[in-house]
Amino acid sequence: MEQRPPPLPSMNPYAAPAARVSDVPSEGELELADRGTRLGAAILDGLVVGGPVALIAIAAAIAISSSRQAGGTQPNPLVFGLLGLAIFTAIIVVVVVNMMLLHRHGQTLAKRWLNIKIVRTDGSPCSLLRIIFARFLPVALLGAIPMIGSFISLTDSLLIFRQDYRCLHDHFADTIVVKA
């Protein structure tokens, strides 16, 4: 019996796609992170950034007050500059580490410690650009608007008390926070 080659794919531009699509996990398989864990991660992230900066600022105040130029009231500009550079460096290091973790795992340091992560609502990984430009930036810019910015920031936080545990920034970016 003679074997025939498989038929060629249809050249119909209106035909349904023939590509194999792998299934993504359904929302039932993803366990949403609870409100307390998300709040804990937000507080820890604030401490991760604010802690080193606060320690450097305390050291700066001590160093500047003790390094006054002889006979004057002005602090030594070299000490002042070095401490400013130290604060700037500490902030940059923490931001870069968090961006790397967000890019690779969808987690900041605190989210990693508390075993939660950011994913798209379909369960797929969330890109770093989406996290920055759709999740963080819109709420930050809206929060900076005089008079209504504080209302928007409060609304962003209070939306977590809805049944789906999603804040305003989660809706903007089409993301959810799940247990890792």
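Residues numbered from 1 in each chain as written. Predicted model: local features only at pLDDT ≥ 70, side-chain atom pairs only at ≥ 80, totals over all residues. Heavy atoms only, no water.

Moving on, we get to the overall build of the chain. In terms of regular secondary structure, the chain is built from six helices and two strands. Beginning at the N terminus, the succession of helices and strands in the chain can be written as α-α-α-β-α-α-α-β. Considering only intrachain contacts with a sequence separation of at least 6, the fraction spanning at least 24 residues in the chain is 65%. Of the roughly 12500 Å² of accessible surface on the chain, 67% is carried by carbon and sulfur atoms. (Helix = DSSP H or I, 4+ residues; strand = E, 2+ residues; numbered from the N terminus. Contact = heavy atoms within 4.5 Å. Areas by Shrake-Rupley, 256 points an atom, 1.4 Å probe, with all protein chains shown as cover.)

So, on to the packing of helix α1 (residues 35–66) against helix α2 (residues 77–105). For the pair α1 and α2, the least separation of the axes is 10 Å and the interaxial angle reads 170 degrees. With respect to each other, α1 and α2 are oriented roughly antiparallel. Taken together, the residues of α2 that come into contact with α1 (itself represented by D45, V48, V49, P52, V53, I56, A57, A59, A60, A63 and I64) are V79, F80, L83, A86, I87, A90, I91, V94 and N98. Taken together, the residues of the contact of α1 with α2 sort by class into 18 nonpolar, one polar and one charged. (Axes fitted to C-alpha atoms, helices over the stretch in contact; angles between N-to-C directions. Parallel < 35°, antiparallel > 145°, perpendicular 65-115°, else oblique. Nonpolar A, V, L, I, M, F, W, Y, C, P; charged D, E, K, R; others polar.)

On to the nonpolar core. In terms of nonpolar packing, the biggest core is built from ten residues, these being A33, A41, L102, A110, I116, I118, C126, L128, I131 and V177. Elements supplying a minimum of two residues to this core: β1 (116–120) and α4 (128–143). In contact with V177, other than residues within four places in its own chain, are L32, A33, R38, I116, K117, I118, R135 and D170. (Core = buried A, V, L, I, M, F, W, Y, C linked by side-chain atoms within 4.5 Å. Buried < 20%, exposed > 50% of the residue type's maximum accessible area, 1.4 Å probe, protein only.)

On to the pattern of salt bridges. Any two side chains of opposite charge can pair, so long as their charged atoms come close to each other. Considering all chains together, one arrives at five salt bridges under this definition. Of the charged contacts in the structure, one is a salt bridge between D174 and R120, with a shortest N-O distance of 3.1 Å. One end of the pair, D174, is in the loop between α6 (168–173) and β2 (175–179); the other, R120, is in strand β1, and 54 residues separate them in sequence. On the accessibility criterion, D174 (28% relative accessible area) is partly exposed. On the basis of relative accessible area, R120 is assigned to the partly exposed category, the value being 22%. Through salt bridges with shared partners, a single ionic network connects R38, R135 and D170. (Salt bridge = Lys/Arg side-chain N within 4 Å of Asp/Glu carboxyl O.)

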